[in-house]
Amino acid sequence: MRRTFDYRPPANCAVESLKPGVRVQVPFGNRRMIGIITGCSNKSDFPAGKIKVADKLIDHTPVIDEQLMSLYLWAADYYQFPVGQALQTSLPAQIRKGKPAQEKQMPSWQASTTGESLDQSTLKNAPRQLQVLSLIIAQKKMTVAALKESVNGEVSACLKTLADKGLIEEISTPDSTKNNPDEIYGDDAPLQLNTQQQSALSAIRENIEHYSVSLLEGVTGSGKTEIYLQAIADVLEKGLQALVLVPEISLTPQTLRRFESRFNREIAVFHSGLTGTQRLSAWLRAGNGKADIIIGTRSAIFTPLARPGLIIVDEEHDASYKQQDGFRYSGRDLAIYRARQLDIPVILGTATPSLESLNNALAGRFHYLQLTERAGEASHPEYRLLDLKGQELTDGFSNSLIDMIRSHLKSKNQVLIFLNRRGFAPILLCRDCGWIATCTRCDSSYTLHRKPPRLSCHHCESQKPLAQKCAECSSTDLAAMGLGTEKTEQTVRALFPDTPVHRIDRDSTRNRETLHDIIEKVDSGDPCILVGTQMLSKGHHFPNVTLVAVLDADGGLFSADFRGQEQMGQLLIQVAGRAGRGETQGEVVIQTYNSTHPTLQALVRHGYGPFARKLLEERQLGKLPPFSYMALIRAEASTQSLPFNFLQDVINAVQHNFSDLSIIGPMPSPMEKRAGLFRMQLIIEADKRSTIQKYLTLLIPLMENHPEKRKIRWSVDVDPLDFT
Ligand code: ADP
Ligand code: ZN
Ligand code: ZN
């Protein structure tokens, strides 16, 4: 529901606790629910007799402070999303459920004197007990959570047996924090900055006291992270906290280790793999100030901060900052809003700025800091376009590319092969009649997977057993067309049988361990070939990769999306950035049938900066974002006419006189059918954000009250990135 509800305070409640951000238990219909106070007032628009009395306050002090609450309210308003649901999707589960806003004391175990001096052979028939006891002895004391993680399973029964035998005893751990006001640094000392880094850091320091936005544009490997670390050190010196946002995929153990070994301070980490208790603990420790550094993905922008001093958004161009369903906010844009609200600086770092941020920097709204050289010994990689016209290919590999891979391996280097399509092949085709296996629920073909064998739709995630026969003519002459990473892996193994091949994509790295293991093998430095999707393009540092090969650059050149070329350029540069991060010069080879395409030429010859400026000019001519603003309204239903009529009805019914507003549609979405529903969309475009906002405010109530609303699923996406 897009509204809040009025209640009277509970009887005898502490008036000083009646504040926004305090949780309350309230009667709602015939249920009891947990609510959060968003504001207090002496008046209500509702008749006095109708206002219910809240049962009780759950907190004495707000769990969400005033500024964070106003961030939520602003974001809900701007992204046209119910504030209750916005809170619901981003608060830790225990907070939502009304559980105490306190960390659970984690009991720890230590060995008793008997346990320590035990002859271990007495436990030889109880290997699990022996393992747990040895772990506890080795670590002196361990929490249940740490034990669970170490043995990778349940330990409570085992602990009870050991305790019953008198071998271990429970102790309550005092709340340990690393925060030591005197010593900021851990094991790693700050690096001596080069001239470019030095001037970027000085510019950041000049503006560290108040709100400012810096766009730190630094080529991959130029030492942006080192600048973040040194800026964070300044903030820690002042006793303040730093919030660091990173894209989901780049929150690698490597990244984390770098922060941990630099600072002798507690770091709260937010990522999708946390348990509820871990998330609550990180959230509380950010809010009560026990954690000094907070690192997390998009939703970490809603973390309470006790002493905020700096916000960093790493890889600010990354699409994962924009939530693509439900509460469709941009973590990057909210970071800027929050920094202004808190009057603190925000740094947006990337090698490939989004056109939005670049435009702001060029217009002087952001400080524009540039690092054009790689830090340390590494030099820029060399780019080469490999024209495929008339070339003979072995499953997507030209002979010249195969030769290059061979020569890099011969020099004991590593090679990375990039293909942004997982699975074995994108199409399964009947050679007799031309039938293609397509998802029955989507306008899309099934992707063929071999490991394990199946057909899978990458849009609705539906799966089917691998077809043995054509569904039209029953022919068994079925062919896998096109390339996916599974097939490329197979090809590479056949071409280079003596070299280890590792595939990295969403399928091969379902569990974190696999990715971890692969990274470790790559870290060892031995020659190997990595095959992967864009998962490879982010965050990882592979110093021994000297050749990056892009198998197919043509997909992105002819995208229907106006951001298609921008995204292609960012992806190519990010992937290429994995090459030559060590001491040997790197090479980047891009296979294409369009080697004279002006955009590709601009990118490869002149680099991302000139390429992006050229795209920006085109956007200006076309009056496209960032030179205009957009909202996308989508409606889906089981027939084509329902969502079309729904959208048509509401735009017909809105009376407005905004001169700068254009409405495109209703029309079918580029993928009209998905997961069994027909999809229609409206694009709303205007010169000013405020026009869009005012128009949406008129439109939304009409959608909420449309007579057919129950048959239709609709959503509003402000500043949309995804137009599919
Ligand atoms: P980015 O974040 O721009 O990709 P990093 O900060 O990860 O760059 O730096 C790339 C590599 O260069 C890292 O191995 C880092 O330790 C090293 N490095 C960064 N700054 C310096 C410096 N001033 N002197 C020497 N090495 C540096
Ligand atoms: Zn057929
Ligand atoms: Zn599907």
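Residues numbered from 1 in each chain as written. Chains lettered and ligands numbered in written order. Predicted model: local features only at pLDDT ≥ 70, side-chain atom pairs only at ≥ 80, totals over all residues. Heavy atoms only, no water.

A. Seen up close, the overall build of the chain. When helices and strands are tallied, the chain shows 21 helices and 30 strands. Relative to its length of 724 residues, the chain is compact, with a C-alpha radius of gyration of 28 Å against a globular reference of 27 Å. Across its three principal directions, the C-alpha atoms of the chain cover 85 × 85 × 65 Å. Taken over 724 residues, the chain has a buried fraction of 50%. (Helix = DSSP H or I, 4+ residues; strand = E, 2+ residues; numbered from the N terminus. Rg over C-alpha atoms; globule rule 2.2 N^0.38 Å. Buried < 20%, exposed > 50% of the residue type's maximum accessible area, 1.4 Å probe, protein only.)

B. Just the coordination of the zinc ion (ligand 3), in detail. Taken together, the protein ligands of the zinc ion (ligand 3) are C439 (SG), C442 (SG), C457 (SG) and C460 (SG), with distances of 2.2 to 2.4 Å. In this structure, the zinc ion (ligand 3) is surrounded by four donor atoms whose angles at the metal cover 106 to 112°, and the resulting shape is tetrahedral. Mapping the donors of the zinc ion (ligand 3) onto the primary sequence gives the spacing C-x2-C-x14-C-x2-C. Taken as a pair, C439 in the loop between β18 (427-430) and β19 (447-450) and C457 in the loop between β20 (453-456) and β21 (463-464) lie far apart in primary sequence, 18 residues in all. (Donors = N, O, S within 2.8 Å, 3.2 Å for Na, K, Ca; no water. Tetrahedral: all angles 85-135°; square planar, octahedral: opposite > 155°, others 65-115°.)

C. The domain arrangement of the chain, seen in detail. Here the domain parsing of the chain yields domain 1 (15-96), domain 2 (106-173), domain 3 (195-371), domain 4 (382-423 + 484-615) and domain 5 (629-718). Once you take the C-alpha centre of each, domain 3 and domain 5 turn out to be 34 Å apart. (Domains from an automatic or database assignment.)

D. Spatial organisation of the coordination of the zinc ion (ligand 2). In the first shell of the zinc ion (ligand 2), the protein supplies C430 (SG), C433 (SG), C470 (SG) and C473 (SG), at 2.2 to 2.3 Å from the metal. The site at the zinc ion (ligand 2) holds four donor atoms, and with the angles between them running 105 to 113°, its shape is tetrahedral. Every donor residue of the zinc ion (ligand 2) comes from the same chain, spaced as C-x2-C-x36-C-x2-C. Of this pair, C430 sits in strand β18 while C470 sits in the loop between β21 and β22 (478-481), and the two are 40 residues apart along the sequence. The pair C430 / C470 is uniform in exposure class, with both members buried.

E. Expanded view of the sheet that holds strand β2 (residues 31-36). One open sheet accounts for three strands, arranged β2-β1-β3; its pairing is antiparallel. Unpaired on one side and paired on the other, β2 and β3 (56-57) mark the two borders of the sheet. With six bridges joining them, strand β1 (residues 23-28) and β2 adopt antiparallel strand pairing. Within the sheet, the bridge partner assigned to F28 lies in β2 and is R31. (Pairing = 2+ DSSP bridges.)

F. Summary view of the pairing of strand β24 (residues 529-532). Across the two faces of β24 the burial is the same, with I529 and V531 and L530 and G532 all buried. Strand direction decides the pairing type here: strand β17 (residues 414-418) and β24, joined by four bridges, are parallel. Paired with F418 across the two strands is G532, which belongs to β24. Sheet topology note: the strand β23 (residues 501-504)/β24 ladder contains four bridges and is parallel. Following the sheet pairing, I504 is matched in β24 by G532.

G. How the structure looks around the site of ligand 1. As a matter of local geometry, ligand 1 sits amid 17 residues, with Q192, Q197, K224, T225 and R258 nearest to it. Between an oxygen atom of ligand 1 and a main-chain N or O atom of S222, the distance comes to 3.2 Å. Here an oxygen atom of ligand 1 and a backbone polar atom of G223 are 2.9 Å apart. Here the element with the most residues in the shell around ligand 1 is helix α9 (residues 224-237); it accounts for three residues. Residue classes in the shell around ligand 1 are distributed as four nonpolar, nine polar and four charged. (Near = heavy atom within 4 Å. Polar contact = N/O pair within 3.5 Å; in protein donor to acceptor, adjacent residues only side chain to side chain. Nonpolar A, V, L, I, M, F, W, Y, C, P; charged D, E, K, R; others polar.)

H. Representation of the side chain of E266. For E266, the location among the structural elements is in the loop between α10 (253-262) and β9 (267-270). Among the polar contacts made by the side chain of E266, one reaches the side chain of R285 at a distance of 2.4 Å.

I. The pattern of salt bridges, seen in detail. This model, assessed by the stated rule, comprises 34 salt bridges. The salt bridge partner of K322 is D717, with a shortest N-O separation of 2.8 Å. Taken as a pair, K322 in the loop between β11 (308-314) and α12 (331-342) and D717 in strand β30 (residues 713-718) lie far apart in primary sequence, 395 residues in all. With respect to class, K322 is no different from D717; both count as buried. R406 serves as the salt-bridge partner of D403, at 3.9 Å between the closest nitrogen and oxygen. Here the residue D403 and the residue R406 both occupy positions in helix α14 (residues 399-410), the gap between them amounting to three residues, near one helical turn. R406 gets classed as partly exposed once you look at its relative accessible area, which sits at 41%. Shared partners join several salt bridges into a network, and the residues in it are K451, E489, R493, R503 and D505. (Salt bridge = Lys/Arg side-chain N within 4 Å of Asp/Glu carboxyl O.)

J. Representation of the layout of surface pockets in the model. Considering only enclosed or pocket space, the second largest pocket measures out at about 1,500 Å³ in volume. Taken together, the elements giving at least two residues each to the lining of the second largest pocket come down to β1, β2, α2 (83-90) and α3 (93-96). Class assignment for the residues of the lining of the second largest pocket results in 24 nonpolar, ten polar and eight charged. (1 Å grid on protein atoms, 1.4 Å probe; cavity = no way out; pocket = protein on both sides within 12 Å on 5 of 7 lines; lining within 4 Å. Points joined across faces, edges and corners; volume = space filled by probe spheres on them.)

K. Broad picture of the packing of helix α1 (residues 66-78) against α2. It is the contact of α1 with α2, at a shortest axis distance of 9 Å, that shows an interaxial angle of 120°. When the axis of α1 is compared with that of α2, the two are oblique. α2 is crossed by α1, and the crossing has right-handed handedness. Here Y72, L73 and A76 of α1 come into contact with α2, specifically with V83, A86, L87 and S90. For the contact of α1 with α2, a count of residues per class yields six nonpolar, one polar and no charged. (Axes fitted to C-alpha atoms, helices over the stretch in contact; angles between N-to-C directions. Parallel < 35°, antiparallel > 145°, perpendicular 65-115°, else oblique. Left-handed = near helix turned anticlockwise from the far one by under 90°. Contact = heavy atoms within 4.5 Å.)

L. Layout of the pairing of β30. Within β30, five of the six residues are buried, which leaves the element mostly enclosed by the surrounding structure. Relative to β30, strand β27 (residues 629-637) runs antiparallel, the two sharing six bridges. Along β30, the bridge assignment pairs A631 with V718.

M. Focus on the nonpolar core. Y72, V346, I633, I684 and L696 are the most contacted members of the largest nonpolar core, which has 74 residues in total. Among the elements that line this core, the one with the most residues is α1, at seven residues. If we ignore the near neighbours within four places in the chain, the residues touching Y72 are I64, V83, A86, L87, S90, L91 and F302. Formed by 36 residues, the second largest nonpolar core is a distinct cluster that contains L416, F542, L571 and V604. (Core = buried A, V, L, I, M, F, W, Y, C linked by side-chain atoms within 4.5 Å.)

N. Examining the state of the cysteines more closely. All told, the structure shown has zero disulfides when counted by the stated rule. Of all cysteine sulfurs, the one in C13 lies closest to C40, which takes part in no disulfide; the gap is 9.3 Å. (Disulfide = S-S within 2.5 Å.)

O. Region of interest: the packing of aromatic side chains. Considering all chains together, one arrives at 13 aromatic pairs under this definition. Centroid distance F327 to Y329: 4.8 Å. Interplanar angle 50°. Geometry classified as tilted. Each residue in the set Y72, W74, Y78, Y79, F81, F302, F327, Y329 and Y337 is aromatic and connected to the rest through ring pairs, giving one cluster. Taking the ring centre of F5 as reference, the NZ or CZ of R3 above it sits at 4.1 Å. (Phe/Tyr/Trp six-rings, centres within 6.5 Å; stacked < 30°, edge-to-face > 60°. Lys NZ or Arg CZ within 6 Å of the ring centre and 35° of its normal.)

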